[in-house]
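Inside the fold
One letter stands for each residue in the lines below.
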Amino acid sequence: LFLKHGRTSVINIDDKYGSRLYRELEAGGYGEQLVSCSLDERQADFYGEIISCDISGTEMKVFVYGEERGRIKVKIPGRHFAEDALLAAAIAFRAGCRFDMIKYGIEKKKGNLKEIYPCEDSVSVVKLKNNTMQFKSSDKLTARVVEIEL
């Protein structure tokens, strides 16, 4: 199903099902058509090492086939957004794009989180999604989300 088209398949091996799929396809003789991506496994074809994550986004070092290519900052914080960016980078790289252009494309994407009230023990965030404005406020013990239809 995944490789009948004869092209490359990029798979997140941090996911248990993705890891299993990768191993099964590799054992089935499709190794040259596979590209592994991971934030955990350094031996992956595309490895991202998260070096910072805060309200302004997630920054990672990107390694391609073991060689550090540079840093990419995803303007939305969170591991899953870094995973998505790494997968996108792998697809673009295999399609022939230069790393500097991939970095530019990912970093140009605007995040949708804005810090509105930081203090020592809590942070409040506004998130715009579709026609909803979502306010999040959290402290050490509680988290609260309020959504307002626009």
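A quick note: this is a predicted structure, and the numbers were derived from the prediction, not measured.

1. Quick notes on the pattern of salt bridges
Going through the model one piece at a time under the given rule, you end up with 9 salt bridges. Measuring nitrogen to oxygen at the nearest pair gives 3.4 Å for the salt bridge that ties R79 to E83. Of this pair, R79 and E83 both sit in helix α2 (residues 79-94), 4 residues apart, which is roughly one turn of the helix. In this structure E83 comes out as buried when scored by relative accessible area, which is 18%. Salt-bridge contacts for D100 lead to R98; the nearest nitrogen and oxygen are separated by 2.9 Å. Residue classification places D100 among the partly exposed residues on the basis of a relative accessible area of 40%. Residue classification places R98 among the exposed positions, given a relative accessible area of 51%.

Rules of the game
- Residues numbered from 1 in each chain as written.
- Predicted model: local features only at pLDDT ≥ 70, side-chain atom pairs only at ≥ 80, totals over all residues.
- Heavy atoms only, no water.
- Salt bridge = Lys/Arg side-chain N within 4 Å of Asp/Glu carboxyl O.
- Helix = DSSP H or I, 4+ residues; strand = E, 2+ residues; numbered from the N terminus.
- Buried < 20%, exposed > 50% of the residue type's maximum accessible area, 1.4 Å probe, protein only.

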